[in-house]
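# Coordinate inspection notes
Take a look at the letters that make up each chain.
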Amino acid sequence: MPTVHAAKKKRKPVKKKHATAPKRTCKVVTKKVHGKKKRVKVCTPVKAKKKKPAVRKPAAQPVGYKPTAPAFPPSTPISPGSGPSPNPPAAPGGSWTPPAAQPMSARQAERLLWRAGFGPKPGDVARFAAMGLDAAIAELVHPVGEPTLVGPAPHDDAGVALQPYDLYGHDHLWWLDRMVRSNQPLVERMALVWHDWFACSRDKVQADLMLGQNALFRRAALGSFANLLRDITVDPAMLVFLDGIDNRKGSPNENYAREVMELFTLGADRGAYTENDIRQAAKALTGWRVDYVDGIGFTNFRFDNSYHDTTVKTVFGKAGNYSWQDLCQLCLENPYHASFFVTKLWSYFVPVPPDQPTQATLQAAYVNSGYQVAPVLELIFRHPTFLDGPAMVKPPVVANAGLLRGIGRFVDTDDWAYLSGETGQTLFYPPNVAGWDDERWMDTSTWRGRWHVTGVALQPTQVPTGAPSSYSDVEDGATAVAAAIAAVGNPTLTAETATKVKAFADTALPGTMNATQKRTYRAMRQNALRLLIATSADAQTC
């Protein structure tokens, strides 16, 4: 079988640093909740600590839910301070020049569609190969209009519409459906990248906030990373997950301040920041409050200037009365940010690190564009290592969505939500703030889950094997293999895999069979070939 390269691990495992929520003093008041007057309990944090109240089932809110824009304290100019500032990392040498307009092979088109989306639908490979690399990248990176979903709406095993706000696993099914049906696959793929990059989990955050964050990732998919960083910093799901709602003047919580540097913008153990920078940054992030309403959960996220620390903070050697917006800008302007950003983004699409000239070119495109994502993606997708370099293991949910796209099946069962746990990737449940460990996509535990996912996906189109069978009684091995490849979406097989699959097809049948067995056993062989091809190393990598 071909050599399989897992995606390069993008970050070190980190311990959860979630602090226990502080004790709150509460009073009951009358206020409007979702347009209706209700008696609600409003709680204010105090210094004594105890567990947060359990989050109750939230009222369904639109996926695009965002809190009302607060009035922020004025930002102060960044000025030099007395503290140490990070030295710039060594600049990568040379530069890489993307090739001029070039043709694209069918194999390259297939890889592009898998890595920049969720695999091809029937006919996509030929269409993209015919248009050439530049036009193909332009269609993916610069989609026109709003995304549309093509195909039947998703439902559960009973044929009932999904309820992602209320039923376990339906949020996973809801997003998987978008991956299968969207006409803008790179937008959906980048939403998945940002979900891993800025990982929050339903283990701690209620459904409406997670779905609201998911809408943010989709809106920001191909735009400005600077805008995304500012938006995610005050996103309700993030404020809950990394305890921004418990970060206040006089008692700063350092969780988000640490992760925004270590995991989101600068990287750990590089000399980009100090522990004092984290402590000072936490003060800049103070001031966010929220109400907790029984039966709804956290609601009414708002900035309260009386909870914000207005003292002078020194971050990265610069002093000022910083707001949370200033802190985001300081991270973007840190000399270590550009190299962190481009190499981390690269790692989602290519399993080996970029060489120095490539990294230099990516950094220049990122900084010169004002922190835009699309120009960096365009360069990555044109790179020879992306197009013709080593294979990359497909994330489990990408493999699941791509198989459904390839065989023309849609989300019509709850099974995908439950099987996702076996594969090692359940949407909205990353294992910790560092996201999923890409080095574990394929191991002895998760491989079994991939086999189950594939079997369930192919089950409705299995060839009937019961007697009397109507299947061919003369189909030879080569014809059987060709039919099986077509039935599972026409994945490209390496010569080694194709040879072994053909050998199985040629030797799987008994030497002597009666008339009934000739049809039945060939039908069984066809089903086995489909499962073997769809779970082969070639089909699980791209």
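Residues numbered from 1 in each chain as written. Predicted model: local features only at pLDDT ≥ 70, side-chain atom pairs only at ≥ 80, totals over all residues. Heavy atoms only, no water.

A few words now on the overall build of the chain. The helix and strand tally for the chain stands at 22 helices and 7 strands. Relative to its full complement of 542 residues, the chain shows a buried share of 54%. Counting only contacts in the chain whose residues sit at least 6 apart along the sequence, the fraction spanning at least 24 positions is 78%. (Helix = DSSP H or I, 4+ residues; strand = E, 2+ residues; numbered from the N terminus. Buried < 20%, exposed > 50% of the residue type's maximum accessible area, 1.4 Å probe, protein only. Contact = heavy atoms within 4.5 Å.)

Together, W451, F504 and L532 make up a nonpolar patch on the protein surface, roughly 240 Å² of accessible area in all. Structurally, W451 is set in helix α18 (residues 446–458). Residue W451 is classed as partly exposed on the basis of its relative accessible area of 34%. (Patch = residues over 30% accessible without salt bridge, like charges linked within 9 Å, V, L, I, M, F, W, Y side chains within 5 Å. Areas by Shrake-Rupley, 256 points an atom, 1.4 Å probe, with all protein chains shown as cover. Salt bridge = Lys/Arg side-chain N within 4 Å of Asp/Glu carboxyl O.)

So, about empty space enclosed by the protein. Applying the stated criterion across every chain, the model contains 5 cavities of 30 Å³ or more. Looking at the largest cavity, its volume works out to about 300 Å³. Taken together, 25 residues make up the lining of the largest cavity; nearest its centre are W114, A399, G402, L403 and A539. When residues of the lining of the largest cavity are traced back to their parent elements, those giving at least two are α1 (106–115), α16 (396–407), α17 (415–423), α18 and α22 (537–540). Here the element with the most residues in the lining of the largest cavity is α16; it accounts for 7 residues. For the lining of the largest cavity, the class distribution of residues is 11 nonpolar, 11 polar and 3 charged. (1 Å grid on protein atoms, 1.4 Å probe; cavity = no way out; pocket = protein on both sides within 12 Å on 5 of 7 lines; lining within 4 Å. Points joined across faces, edges and corners; volume = space filled by probe spheres on them. Nonpolar A, V, L, I, M, F, W, Y, C, P; charged D, E, K, R; others polar.)

We now examine the layout of surface pockets. If you add up the space inside the second largest pocket, you get close to 270 Å³. Lining the second largest pocket are 17 residues, and of these R127, E139, N183, Q184 and P185 sit closest to its centre. Of all the elements in the fold, those that place two or more residues in the lining of the second largest pocket are α2 (124–131), α3 (133–141) and α5 (185–197). Counting residues per element, the lining of the second largest pocket draws most heavily on α2, which supplies 3 residues. Tallied by class, residues from the lining of the second largest pocket come to 8 nonpolar, 3 polar and 6 charged.

Okay, the nonpolar core next. One finds M190, W194, W197, F198, F225, F349 and F381 to be the most contacted residues of the largest nonpolar core, which totals 122 residues. Apart from the residues lying within four places of it in its own chain, the contact partners of F198 are Q213, F217, F225, L228, L229, I232, M238 and F264. Of all hydrophobic cores here, the second largest spans 12 residues; its members include L458, A480, V501 and L529. (Core = buried A, V, L, I, M, F, W, Y, C linked by side-chain atoms within 4.5 Å.)

Consecutive side chains along a regular strand alternate between the two faces of the sheet. The buried fraction of strand β5 (residues 297–303) amounts to 5 of the 7 residues, a majority that puts the element mostly inside the structure. By the bridge criterion, 5 bridges tie strand β4 (residues 288–293) to β5 in an arrangement that is antiparallel. The residue of β5 that forms the bridge with V293 is G297. The turn linking β4 back onto β5 is made up of 3 residues, and G295 within it adopts a positive phi angle of 85°. (Pairing = 2+ DSSP bridges.)

Before going further, it helps to spend a moment on the state of the cysteines. Evaluation of the coordinates by the stated rule reveals 0 disulfides. Free cysteine: C331, not disulfide-bonded; nearest cysteine sulfur from C328 at 6.8 Å. By relative accessible area, which is 0% here, C331 ends up buried. (Disulfide = S-S within 2.5 Å.)

For L216, the position within the fold is in helix α6 (residues 207–219). By relative accessible area, which is 5% here, L216 ends up buried. Placed 16 residues apart in sequence, L216 and I232 show a C-alpha to C-alpha distance of 8.1 Å. Beyond its immediate stretch of four places on either side in the chain, L216 contacts L228, D231, I232 and D235.

Counted according to the given criterion, the structure contains 23 aromatic pairs. Geometrically, the ring pair formed by Y366 and Y371 is edge-to-face, given 5.4 Å between the ring centres and 65° between the ring planes. Residue Y366 shares its accessibility class with Y371, and that shared class is buried. Of the aromatic side chains, those joined through ring pairs into one cluster are W194, W197, F198, F217, F225, Y256, F264, F340, F341, Y348, Y366 and Y371. The aromatic ring of F386 is capped on one face by R115, whose charged end is 5.5 Å from the ring centroid. (Phe/Tyr/Trp six-rings, centres within 6.5 Å; stacked < 30°, edge-to-face > 60°. Lys NZ or Arg CZ within 6 Å of the ring centre and 35° of its normal.)

Attention now moves to the packing of helix α4 (residues 170–181) against α16. Direction vectors running N to C along α4 and α16 enclose 55°, while the axes themselves pass 9 Å from each other. Overall, the two elements α4 and α16 adopt an arrangement that is oblique. In this structure, α4 crosses over α16, and the sense of that crossing is right-handed. Residues H172, L176, M179 and V180 of α4 pack against V397, N400, A401, L404 and R405 of α16. Partitioned by chemical class, the residues of the contact of α4 with α16 number 6 nonpolar, 2 polar and 1 charged. (Axes fitted to C-alpha atoms, helices over the stretch in contact; angles between N-to-C directions. Parallel < 35°, antiparallel > 145°, perpendicular 65-115°, else oblique. Left-handed = near helix turned anticlockwise from the far one by under 90°.)

Bringing the side chain of H337 into the picture now. Within the secondary structure layout, H337 lies in helix α12 (residues 337–347). In this structure H337 comes out as buried when scored by relative accessible area, which is 0%. Other than its neighbours up to four places away in sequence, H337 contacts F225, T265, L266, C331, L332, Y366 and Y371.

Over its 13 residues, α18 runs 19 Å from end to end, which matches the ideal 18 Å to within 8%, given 1.5 Å per residue. Along α18, the residues classified as buried are T446, G449, R450, V453, T454, A457 and L458. Burial along α18 is one-sided: seen end-on, the buried residues are contained in an arc of 160°. Looking at the buried side of α18, the elements it contacts are α16, α17, α21 (515–534) and α22. (Expected span 1.5 Å × (residues − 1). Arc of directions from axis to C-beta.)

With that settled, consider α6. With 13 residues, α6 should reach 18 Å at 1.5 Å per residue; the first-to-last C-alpha distance of 19 Å fits that figure. Counting buried positions over the 13 residues of α6 gives 12, a clear majority of the element. Within α6, the full set of buried residues consists of A207, D208, L209, M210, L211, G212, Q213, N214, A215, L216, F217 and R218.

When pLDDT is averaged across the chain, the result is 88; 85% of the residues are at 70 or more. Note that residues 1–24 has pLDDT below 50 and, in this model, 90 contacts with residues that lie over four places away or in other chains. Every residue in residues 31–42 scores below 50 in pLDDT, and together they form 34 contacts with partners more than four places removed in sequence or on other chains. (pLDDT = per-residue confidence, 0-100.)

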